Amino acid sequence: MSLDLASELKARALAAGFDRAGVSSLEPLEHGPDFLRWLGRGDHAEMDYLAHRTEERLEPRKVLPGARSVLCVALQYWPLEEAGEVEGDLWPRVARYARGRDYHNLMGKRLKKLSKSLRSDFPGCETRHYVDTGPVLERELAARAGLGVVGKNTCLLSRQGSWFLLGEIFLTLELPPDEPLTDLCGRCTRCLEACPTDALREPYRLDSRRCISYWSIEHRGALPEEVRHGQKDWVFGCDICQEVCPWNIRESPPASHPDLKLPPHRQRLDLIGLLSLDAEGYREAFIGNAMQRARLDGLKRNAANAMGNRREERYIEPLINALQEEVEPSVRCHAAWALGQIGGEQAKTALEGQRRREGDPTVSQEILQALEALA
């Protein structure tokens, strides 16, 4: 094993546009049994894909035949230099990683180019790269590579905070692993205390069935009534457990990644604009952006839910329009719910009128419940 070779590859990763890099070994994962228990409890909610190919997840050597090491990389997404972003009351609350270009594409292209150069410069070397897509428990590999340590909120945490994204290249090159970090949380439990939905049931355990990010991104259809208030006004993802972390509160040098900044055309998109988007407007606004994962109907559903939690009268008109004109039942359901939360004669009249002509039984039931809330 060559320290010089490992240093060269890490330097190449930085030159390729990543902020940090480290090398992980490929022994079976120490916390593999914890992952299986997590699945067994159903903490992964409806994300069944996480239960697939578990053998490869637990034994990284099986991801790439002949693999001997993993080059792990980190890309900082917050804070950014001269971000110039809107943080006011009107703009929808979106997880910071999803504000700019989709990191899967951004990091994937860089890793693909780096992999190609490694195969060219080291004859016989085989590679396989991933960005949050393959059968890889990348946080544990990155922790082995010294890029961070898993915090009590289950995010990978370093002394520079946790605002970074992960990727990795599996290699058939033999490289010495980096030294892992030690615990950075200590007795701090701020993330557990701050989670509004109690998704962090205990340290180092995330129950996706309670998580704002899961419901706002992965779930299809109307949100269960018991999670709607907990979603607050988030329309995609959630940053709360990271925002309160002492390591993130500390000042850290901003990163220069213009592609990850919120573009001007989305700075102008408030909750009302999001709820009223049509298919063409959705494509124009979110092409190449991670928020596409929630789909148009999911984002509009989330916008209506956020309006209901904000309970502001200025949202009544756009909610009435959605209730009367929206094709997707889940959006109409949430428009009805939000009107019931805001209240007032205008909202009540609209709900009563739509109840008489509504053809979907699920929406009709939602309207009835909203009217009962206003009685």
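Residues numbered from 1 in each chain as written. Predicted model: local features only at pLDDT ≥ 70, side-chain atom pairs only at ≥ 80, totals over all residues. Heavy atoms only, no water.

**Notes on the sheet that holds strand β7 (residues 164-171)**
Quick reminder of the rule: For two strands to be treated as a pair, DSSP must find no fewer than two bridges joining them. Counting from the N terminus, the helices are DSSP H or I runs at least four residues long and the strands are E runs at least two residues long. Every angle, taken between N-to-C directions, lies between 0 and 180 degrees, and every axis is a line fitted to C-alpha atoms, over only the stretch in contact when it is a helix. Should any heavy atoms of two residues lie within 4.5 Å, those residues are considered in contact.
The strand order across the open sheet built from four strands is β1-β2-β7-β4, with neighbouring strands paired in antiparallel fashion. Among the strands making up the open sheet, the edge pair consists of β1 (20-24) and β4 (127-130). Geometrically, the sheet is characterised by an average inter-axis angle of 20° between neighbouring strands, direction not taken into account. Where strand β2 (residues 69-76) meets β7, eight bridges bridge the pair, whose relative direction is antiparallel. In the strand pairing of β7, Val70 is matched with Phe170. Helix α1 (residues 3-15) contacts β1, β2 and β7 of the sheet and is inclined by roughly 145° relative to β1. In the packing of helix α4 (residues 103-121) onto the sheet, contacts are made with β2, β4 and β7, and the angle to β7 comes to roughly 30°.

**Observations regarding the packing of helix α17 (residues 345-357) against helix α18 (residues 361-374)**
Selection rule: Orientation is classified from the angle alone, with under 35 degrees giving roughly parallel, over 145 giving roughly antiparallel, 65 to 115 giving roughly perpendicular, and any other angle giving oblique. The crossing is said to be left-handed when, going from far helix to near helix, the turn is anticlockwise and less than a right angle, and right-handed when the turn is clockwise. In the scheme used here, Gly and all other residues not listed as nonpolar or charged are polar, with Ala, Val, Leu, Ile, Met, Phe, Trp, Tyr, Cys and Pro taken as nonpolar and Asp, Glu, Lys and Arg as charged.
For the pair α17 and α18, interaxial distance at closest approach is 10 Å and the crossing angle is 150°. In terms of orientation, α17 and α18 fall into the roughly antiparallel class. Pair α17 / α18 crosses with left-handed handedness. Within the contact between the two elements, α17 uses Lys348, Leu351, Glu352, Gln354 and Arg355 and α18 uses Ile367, Leu368, Ala370, Leu371 and Leu374. When its residues are assigned to classes, the contact of α17 with α18 shows six nonpolar, one polar and three charged.

**Concerning the side chain of Glu326**
What counts, and what does not: N or O atoms within 3.5 Å of each other form a polar contact, as long as, within protein, one can give a hydrogen and the other can take it, and as long as residues adjacent in sequence are counted only when both atoms are side-chain atoms.
Counting through the fold element by element, Glu326 comes out in the loop between α15 (316-325) and α16 (329-342). Polar contacts involving the side chain of Glu326 include one to the side chain of Lys300, which spans 2.7 Å. Of note is the side chain of Glu326, whose polar atom sits 3.3 Å from the backbone nitrogen of Glu328. Sequence-distant contacts of Glu326, that is, excluding residues within four places in its chain, are made with Lys300, Asn321, Val331 and Arg332.

**With respect to the packing of helix α13 (residues 279-286) against helix α14 (residues 295-310)**
Relative to each other, α13 and α14 sit at 90°, their axes nearing to 10 Å. With respect to their mutual orientation, α13 and α14 come out roughly perpendicular. Facing Ala279, Tyr282 and Phe286 of α13, the residues of α14 in contact are Arg295, Leu296 and Leu299. Taken together, the residues of the contact of α13 with α14 break down into five nonpolar, no polar and one charged.

**With respect to α16**
Note the cut-off: In this analysis, the expected span of each helix is defined as 1.5 Å times one less than the number of residues it contains.
Here α16 contains 14 residues, and its C-alpha end-to-end distance of 20 Å stays within 8% of the 20 Å for a straight helix at 1.5 Å per residue. Just downstream of α16, Gly343 is the residue with a positive phi angle, here 80°.

**Regarding the packing of aromatic side chains**
Describing an aromatic ring pair means giving the distance of the ring centres and the angle of the ring planes. For clarity, the threshold we go by: Think of it this way: a Phe, Tyr or Trp ring, Trp meaning its six-membered ring, pairs with another when their centres are within 6.5 Å, and the plane angle makes it stacked under 30 degrees, edge-to-face over 60, tilted otherwise. Only protein chains enter the calculation, and the probe is 1.4 Å; a residue is then buried if its accessible area is under 20% of its type maximum, exposed if over 50%, and partly exposed in between.
Inspection of the entire model under this criterion finds eight aromatic pairs. Relative to Phe236, the ring of Tyr97 has its centre 6.3 Å away and its plane inclined at 55°; by these criteria the two rings are tilted. With Tyr97 in the loop between β3 (93-94) and α4 and Phe236 in strand β8 (residues 234-236), this pair connects stretches of sequence that are 139 residues apart. Residue Phe236 is classed as buried on the basis of its relative accessible area, which comes to 1%. An angle of 85° between the planes, with centres 6.1 Å apart, marks the rings of Tyr130 and Phe170 as edge-to-face. Placement of Tyr130 in strand β4 and of Phe170 in strand β7 is noted, with a sequence separation of 40 residues between them.

**A word on the environment of Ile342**
Within the secondary structure, Ile342 is located in helix α16. The exposure class of Ile342 is buried, given its relative accessible area of 15%. Apart from residues lying up to four places away in sequence, Ile342 is in contact with Met307, Arg311, Glu312, Glu313, Tyr315, Ile316 and Leu319.

**What to know about the nonpolar core**
Looking at soluble globular proteins, one finds that nonpolar side chains tend to be buried together. Quick reminder of the rule: Only buried residues count toward a nonpolar core. Its members are Ala, Val, Leu, Ile, Met, Phe, Trp, Tyr and Cys residues joined through side-chain atoms within 4.5 Å.
Among the nonpolar cores identified, the biggest contains 43 residues, and Phe286 and Leu319 are the most heavily contacted of them. Take this core: its biggest share by element is eight residues, from α16. Among residues more than four places away in sequence, those in contact with Leu319 are Leu275, Ala304, Met307, Ala335, Ala338, Leu339 and Ile342. In this structure, Val136, Ala143, Phe164 and Tyr214 belong to the second largest nonpolar core, which totals 38 residues.

Geometric values such as these leave the question of function open.
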